[in-house]
Amino acid sequence: MTPEEQFIQLVQMHQALLYKVASLYTATREDREDLIQEMVYQLWKSFPSFDARAQISTWMYRVALNVAIHALRQRQRRITALPLQHTFDKSDEPMDQQQEEQWQQLRTAMQHLSWLERGILMLHLERKSYSEIADIVGLSTSNIGTRLHRIRSKLRQRVNAKQ
């Protein structure tokens, strides 16, 4: 299999990962599509230097988050808030009314987190280990634990303030 075919196969296998990251950092479908295109381009540029010792998903998350955060910094002057209407793909299981309300509260509270905090929380919700999250965002494992604790505190304060 050629490197091009390998790359295409990897992107197809992990397209949900790219969609989730792009959805977290964009407000419109067009912006999301543009961001995904930039992510794929940056993945392609760095594909030859991919170190096979790391998991492919870890590498892809790292590139995708870096591209998303960079794009936001470039647009920071124009954007003041990002709605999180469709941040994560919900599971195929239907939610009851209480679960839907909790999900809405979480999304609303997440709007007040920084870009990095949103990324860390997304990875945590994806059930990534602290070590994997640290590899993806370039922080130490202990720093991830500390940041997640602070993120949870911020979210609790936001949700409790609304009640």
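Look a little higher up for the structure.
Along each chain, residue indices are assigned from 1 in the same order as the chain's sequence is written. Under the rules for a predicted model, residues below a pLDDT of 70 receive no local features and side-chain atom pairs below 80 are neither given nor counted, while totals for whole chains, interfaces and linings still include all residues. The basis for the side-chain values is all heavy atoms of the structure; hydrogens and waters are excluded.

Enquirer: Please provide a residue-by-residue account of the overall build of the protein chain, values included.
Expert: Here a helix means four or more residues in a row that DSSP labels H or I, a strand means two or more in a row labelled E, and each is numbered from the N terminus. In terms of regular secondary structure, the protein chain is built from eight helices and zero strands. In sequence order, the protein chain lays out its α and β elements as α-α-α-α-α-α-α-α. When a residue's accessible area, from a 1.4 Å probe over protein chains only, is under 20% of the maximum for its type it is buried; when over 50% it is exposed; and in between it is partly exposed. Relative to its full complement of 163 residues, the protein chain shows a buried share of 37%. Two residues form a contact once any of their heavy atoms are found within 4.5 Å. Long-range contacts, defined here as pairs at least 24 residues apart, represent 65% of the contacts in the protein chain between residues at least 6 apart. Carbon and sulfur atoms make up 48% of the accessible area of the protein chain, which amounts to about 10300 Å² in all. In this description, accessible areas are obtained by the Shrake-Rupley approach with a 1.4 Å probe, and a residue is regarded as covered only by the protein chains that are shown.

Enquirer: How would you explain unusual backbone geometry if you had to name every residue and give the values?
Expert: In the Ramachandran plot, Arg127 falls in the positive-phi region, its phi being about 65° despite a non-glycine side chain. Structurally, the position occupied by Arg127 is in the loop between helix 6 (115–125) and helix 7 (130–137). For Arg127, a relative accessible area of 78% puts it in the exposed group.

Enquirer: Could you give an account of the packing of aromatic side chains, with specific residues and numbers?
Expert: Pairing of aromatic rings covers Phe, Tyr and Trp, the last through its six-membered ring, and needs centres within 6.5 Å; plane angles under 30 degrees mean stacked, over 60 mean edge-to-face, and all others mean tilted. All chains considered together, the criterion is met by five aromatic pairs. For the pair Phe7 and Trp44, a centre-to-centre distance of 5.0 Å together with 65° between the ring planes defines the contact as edge-to-face. Of the two residues, Phe7 is situated in helix 1 (residues 3–13) and Trp44 in helix 3 (residues 29–46); the sequence distance between them amounts to 37 residues. Judged by relative accessible area, Trp44 falls into the partly exposed class, the value being 35%. Residues Phe7 and Phe47 carry aromatic rings whose centres are separated by 5.4 Å and whose planes lie at 65° to one another, so their mutual orientation is edge-to-face. Here Phe7 is found in helix 1, whereas its partner Phe47 is found in the loop between helix 3 and helix 4 (56–75), with 40 residues between them in sequence.

Enquirer: Can you explain the packing of helix 1 against helix 3? Please cite residues and give values.
Expert: Look at helix 1 against helix 3: their axes get within 11 Å of each other, and the N-to-C directions meet at 140°. Considered as vectors, helix 1 and helix 3 are oriented oblique to each other. Of the two elements, helix 1 crosses helix 3, and the hand of that crossing is right-handed. Along the contact surface, helix 1 presents Pro3, Glu4, Phe7 and Val11, while helix 3 presents Val40, Leu43 and Trp44. Classes in brief: Ala, Val, Leu, Ile, Met, Phe, Trp, Tyr, Cys and Pro nonpolar; Asp, Glu, Lys and Arg charged; the others, Gly included, polar. A class-by-class count of the residues in the contact of helix 1 with helix 3 yields six nonpolar, no polar and one charged. Interaxial angle, 0 to 180 degrees, is taken between N-to-C directions of lines fitted to C-alpha atoms, where a helix line uses only the stretch in contact. Oblique is the label for every angle not falling under 35 degrees (roughly parallel), over 145 degrees (roughly antiparallel), or within 65 to 115 degrees (roughly perpendicular). Rotating anticlockwise by less than a right angle from the far helix to the near helix defines a left-handed crossing, while the corresponding clockwise rotation defines a right-handed one.

Enquirer: Go over the environment of Ile133, please, and point to the residues and values.
Expert: Of note, Ile133 is situated in helix 7. Judged by relative accessible area, which is 0%, Ile133 ranks as buried. Residues Ile133 and Arg62, 71 residues apart in the sequence, show an inter-C-alpha distance of 8.9 Å. Leaving out residues up to four positions away in the same chain, Ile133 has contacts with Ile120, Leu123, His124, Lys128, Ile144 and Leu148.

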